[in-house]
Amino acid sequence: MRISSIDNRYHVIAGDTAVDIAEASNGRFAPEGFDIYERWTELADWVSTLPADVYHPFGPARVGAPVAMPRQVFAIGLNYRDHAAESNLPEPDAPLVFTKFPTCITGPNAAVTLPSGNVDWEVELVAVIGKRADRAAEDHGWDYVAGLTVGQDLSERKVQLAGPAPQFGLGKSFPGFGPIGPAVVTLDEIPDPGNLAIGCSLGDEVLQKGNTSDLIFAVPELIARISAICPLLPGDVIFTGTPAGVGAARTPQRFLPRDATLVSYVEGLGELRNPLV
Ligand code: ZN
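Residues numbered from 1 in each chain as written. Predicted model: local features only at pLDDT ≥ 70, side-chain atom pairs only at ≥ 80, totals over all residues. Heavy atoms only, no water.

1. Quick word on helix 3 (residues 40-47)
For helix 3, the full list of buried residues reads Trp-40, Leu-43, Trp-46 and Val-47. One face of helix 3 carries all of its buried residues, which in axial projection span an arc of 120°. For helix 3, the elements touching its buried residues are strand 1 (2-6), strand 2 (9-14), helix 1 (21-24), helix 2 (35-38), strand 11 (145-152) and strand 13 (178-185). (Buried < 20%, exposed > 50% of the residue type's maximum accessible area, 1.4 Å probe, protein only. Helix = DSSP H or I, 4+ residues; strand = E, 2+ residues; numbered from the N terminus. Arc of directions from axis to C-beta. Contact = heavy atoms within 4.5 Å.)

Below you can see the structure in the form of structure tokens.
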């Protein structure tokens, strides 16, 4: 099952066709907000009964973030071995968790205004929560996941690293710094979440090219470790970290230019196409 938000209403996606969930269910499910994530299993059961002739074509430009304003946005630092290595930092022995404030979330095709010339790219696999998790066991970590999507953890490096100790939250939370989408893809459509190609590019230039097999802490362990402290709520998102190839780790350092489009993908989940302005 693939769920997208089109014109601010949740839709089930099949190829280039979609069904408006609230309309087709006669209001049983709400068109926006957390309702579908609170009742994810019930939604999946209902979707499985939908006839093929209720799907209609839609345009990609109308697709927004699959969760417009999550209650909590978690993100993980240094969670790929190759990214820890390029950062000249040791691999962490526990997840490094920070937040992106929820107002930074935007859609998969949204234009992003660069506030400065120091904005870096970080393509990420993003987990969307579909069931409240409070001190969840790692063995059952996937039970709390509605599905996976693609994200960009855009980062203003000067703000992030200003001061005597880095403060990740603000530098990663300018408006538009958290594009996610285009769809929440359920696990039955993903053969192996631990072996997905992931990357991003600007025009013809590949910026990052990795694989989720390089993750240090996989999604079930992240759910266990985070929910040991903070209960996870339906619709929450977890940016799981970025592979090697970020601009700040290069010599000389590189940052995003205006008037280009940043394309980010995870195998089987689709892509983000964000114009930079
Ligand atoms: Zn990141």
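Moving on from the model shown.
2. Some points on the packing of aromatic side chains
Counted according to the given criterion, the structure contains five aromatic pairs. Relative to Phe-168, the ring of Phe-98 has its centre 4.9 Å away and its plane inclined at 70°; by these criteria the two rings are edge-to-face. You can see Phe-98 sitting in strand 7 (residues 96-99) and its partner Phe-168 sitting in helix 6 (residues 168-171), a full 70 residues away along the chain. Here Phe-98 falls in the buried class, since its relative accessible area comes to 12%. Their ring planes at 45° and their centres at 5.1 Å tell us that Phe-174 and Phe-177 sit as a pair that is tilted. With relative accessibility at 25%, the residue Phe-174 sits in the partly exposed group. Taken together, the aromatic side chains of Tyr-10, Tyr-37 and Trp-40 make up a single cluster linked through ring pairs. Seen from the ring of Phe-34, Arg-71 lies directly overhead, with NZ or CZ sitting 3.9 Å from the centre. The aromatic ring of Tyr-144 is capped on one face by Lys-131, whose charged end is 5.0 Å from the ring centroid. (Phe/Tyr/Trp six-rings, centres within 6.5 Å; stacked < 30°, edge-to-face > 60°. Lys NZ or Arg CZ within 6 Å of the ring centre and 35° of its normal.)

3. Quick word on the nonpolar core
Counting 70 residues, the largest nonpolar core has Leu-43, Ile-223 and Ile-238 as the members making the most contacts within it. For this core, the element with the most residues is strand 10 (residues 123-129), which contributes six residues. Two domains each donate at least three residues to this core, and these are domain 1 (2-64) and domain 2 (73-276). Once residues within four sequence positions are removed from consideration, Ile-238 is found in contact with Phe-74, Ile-76, Leu-125, Val-126, Ala-127, Ile-129, Leu-222, Ile-223, Ile-226 and Leu-232. Ile-13, Ala-18, Phe-58 and Val-63 belong to the second-largest nonpolar core, a separate cluster that totals five residues. (Core = buried A, V, L, I, M, F, W, Y, C linked by side-chain atoms within 4.5 Å. Domains from an automatic or database assignment.)

4. Some details on the coordination of the zinc ion
Taken together, Glu-122 (OE), Glu-124 (OE) and Asp-153 (OD) make up the protein donors of the zinc ion, found 2.0 to 2.1 Å from the metal. Along the chain, the residues donating to the zinc ion fall in the pattern E-x1-E-x28-D. Here Glu-124 is found in strand 10, whereas its partner Asp-153 is found in the loop between strand 11 and strand 12 (155-156), with 29 residues between them in sequence. Considered together, Glu-124 and Asp-153 belong to a single accessibility category, that of buried residues. (Donors = N, O, S within 2.8 Å, 3.2 Å for Na, K, Ca; no water.)

5. Some points on the side chain of Asn-118
Note on placement: Asn-118 falls in the loop between strand 8 (105-106) and strand 9 (119-120). Its relative accessible area of 17% is what places Asn-118 among the buried residues. Those residues in contact with Asn-118 that lie beyond four places of it in its chain are Ser-155, Glu-156, Arg-157, Lys-158 and Phe-255.

6. Describing the pattern of salt bridges
In the structure shown here, the tally under the stated rule is 17 salt bridges. For Arg-28, the salt bridge is made with Glu-42, and the minimal N-O distance between the two is 3.2 Å. Highlighted residues: Arg-28 in the loop between helix 1 and helix 2 and Glu-42 in helix 3, separated in sequence by 14 residues. By relative accessible area, which is 40% here, Arg-28 ends up partly exposed. The partly exposed category is assigned to Glu-42, whose relative accessible area is 29%. The partner of Asp-35 in a salt bridge is Arg-39, and the shortest N-O contact between them spans 3.0 Å. The partly exposed category is assigned to Asp-35, whose relative accessible area is 22%. Looking at Arg-39, the relative accessible area reads 24%, which means it is partly exposed. (Salt bridge = Lys/Arg side-chain N within 4 Å of Asp/Glu carboxyl O.)

7. Quick look at helix 7 (residues 219-227)
Summarising burial for helix 7: eight of the nine residues are buried, a large majority. Taken together, the buried positions of helix 7 are Val-219, Pro-220, Glu-221, Leu-222, Ile-223, Ala-224, Ile-226 and Ser-227. Next to the buried residues of helix 7 lie strand 6 (73-77), strand 7, strand 10, strand 11 and strand 16 (237-239).

8. Brief notes about the state of the cysteines
Following the criterion strictly, the structure yields zero disulfides and no others. A disulfide-free cysteine, Cys-200 has its sulfur positioned 17 Å from the sulfur of Cys-104, the nearest such atom. Relative accessible area serves as the criterion here: at 1%, Cys-200 is assigned to the buried category. (Disulfide = S-S within 2.5 Å.)

9. What to know about the domain arrangement of the protein
Looking at the assigned domains, one finds that the protein contains domain 1 (2-64) and domain 2 (73-276). Domain 1 and domain 2 are separated by 25 Å when their C-alpha centres are compared. Each partner contributes to the interface: domain 1 provides 11 residues, whereas domain 2 provides 19 residues. Carbon and sulfur atoms supply 52% of the area buried between domain 1 and domain 2, which totals about 1,100 Å² over both sides. On the domain 1 side of the contact with domain 2, Arg-2, Tyr-37 and Trp-40 bury the most area, a combined 58% of that side's loss. Linking domain 1 with domain 2 are one salt bridge. Across the salt bridge formed by Arg-2 and Glu-189, the nearest N and O atoms sit 3.0 Å from each other. Our count for the domain 1 to domain 2 interface comes out at five residue pairs in polar contact (both at pLDDT 80 or more). (Buried area = accessible area lost by both parts, 1.4 Å probe. Polar contact = N/O pair within 3.5 Å; in protein donor to acceptor, adjacent residues only side chain to side chain.)

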